[in-house]
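Results of the structural survey
Residue strings, one per chain:
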Amino acid sequence: MKDIFTAPFVEEMKRTTANMYRLGWDERNGGNISLLLDTDEVAEYLDLGHVIRTIPIGFEAKALVGRIFIVTGTGKYFKNVEVDPETNLGIIRIAEDGCTAELLWGYKDGGRFTSELPAHLMSHMARLEVDPQHRVVMHCHPTHTLAMNYVHELDERKMTHTLWEMCTECIVVFPDGVGVLPWMLCGTNSIGEATAAKMREFRLVVWGMHGIYGAGKTMDETFGLIETVEKAAQIYMLTAHLPRINTIRDHELRELAEFFGVDYRKDFLDL
Ligand code: 13P
Ligand code: ZN
């Protein structure tokens, strides 16, 4: 059996949480990540017959039975994952009943997965239907994106349009735009269901006055989506109070999308 502490997926969680922390997206225990793992790869590191304990997940995730995820722990600080992954992360398998998580590794102090597991697993189910290659769901509280929530309408067409105008590459990076939810109580099945419903259409979902969710095939891709939104939101916040004398026009956004061959939300442009 190989050493789990050297597994690429543990390394990737360590690296990503550290980056997110340093960017200021994950103060205290803010944010959570779930990564769908390849069962054969996990079997190289863990005895899949050994379940440390079981934890109810509070909803049914039938479509994910047998699937294994590495997930950040609830109340755990991203800044600490690097130094103590076994306490701050856990590897769980969705049990046969679809309602229980089998802990295979981690949460060493008796902890459990993020309180946002409903949003994560429901989003995984939604995204896997759109794209079977999908593996990552990431949530965080990026500063400028959050600031923008207080001064910009929480409307997905308007918010997407504003973000696309802020950096030339935005429409190419997230041509499907950003979904937007109003403020909702977090950590609930309801916000999970609302997020998953948006995830059928978008890979990015803003949680009004809370943060953002991103989904993708790889950690880099998902991180890059959020990073690009955050950059655009930063430009917006640096300029929103100043007279705007230049902008990227809708016909230029269309030109970009067509040149880079991306399937974009045409109904989000005024053409
Ligand atoms: P957890 O500590 O349960 O992951 O919650 C953090 C968070 O960002 C809630 O939305
Ligand atoms: Zn949060």
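Quick caveat, the model's predicted, so the values are computed rather than measured.

So, about the coordination of the zinc ion (ligand 2). His 139 (NE2), His 141 (NE2) and His 210 (NE2) make up the full set of protein donors to the zinc ion (ligand 2), lying at 2.1 Å. If you list the donors of the zinc ion (ligand 2) from N- to C-terminus, the spacing comes out as H-x1-H-x68-H. Residue His 141 is located in the loop between β6 (136-140) and α6 (143-151), and its partner His 210 is located in the loop between β8 (204-207) and β9 (211-216); the two are separated by 69 residues in the primary sequence. By the burial criterion, His 141 is buried, and His 210 matches it.

By the secondary structure assignment, Glu 156 is in helix α7 (residues 156-166). For Glu 156, a relative accessible area of 19% translates into the label buried. Polar side-chain contacts of Glu 156 include one of 3.3 Å to the side chain of Lys 198. Setting aside chain neighbours within four positions, we find Glu 156 in contact with Val 178, Gly 179, Val 180, Lys 198, Phe 202 and Phe 268.

If you check the backbone angles, Tyr 107 has positive phi at about 45 degrees while not being a glycine. Mapped onto the elements of the fold, Tyr 107 is located in the loop between β5 (100-106) and α5 (117-130). Classification of Tyr 107 by relative accessible area gives buried; the value is 1%. Its identity as a non-glycine residue notwithstanding, Met 209 has a phi of 55 degrees, on the positive side. According to the relative accessible area criterion, Met 209 is partly exposed, its value standing at 31%.

For the pair α5 and helix α9 (residues 189-199), the least separation of the axes is 8 Å and the interaxial angle reads 20 degrees. Considering the angle they form, α5 stands roughly parallel to α9. The handedness of the crossing between α5 and α9 comes out as right-handed. In contact with Pro 118, Ala 119, Met 122, Ser 123, Ala 126, Arg 127 and Val 130 of α5, α9 contributes Asn 189, Gly 192, Glu 193, Thr 195, Ala 196 and Met 199. Taken together, the residues that form the contact of α5 with α9 break down as seven nonpolar, four polar and two charged.

The rules we used
Residues numbered from 1 in each chain as written. Chains lettered and ligands numbered in written order. Predicted model: local features only at pLDDT ≥ 70, side-chain atom pairs only at ≥ 80, totals over all residues. Heavy atoms only, no water. Donors = N, O, S within 2.8 Å, 3.2 Å for Na, K, Ca; no water. Helix = DSSP H or I, 4+ residues; strand = E, 2+ residues; numbered from the N terminus. Buried < 20%, exposed > 50% of the residue type's maximum accessible area, 1.4 Å probe, protein only. Polar contact = N/O pair within 3.5 Å; in protein donor to acceptor, adjacent residues only side chain to side chain. Contact = heavy atoms within 4.5 Å. Axes fitted to C-alpha atoms, helices over the stretch in contact; angles between N-to-C directions. Parallel < 35°, antiparallel > 145°, perpendicular 65-115°, else oblique. Left-handed = near helix turned anticlockwise from the far one by under 90°. Nonpolar A, V, L, I, M, F, W, Y, C, P; charged D, E, K, R; others polar.

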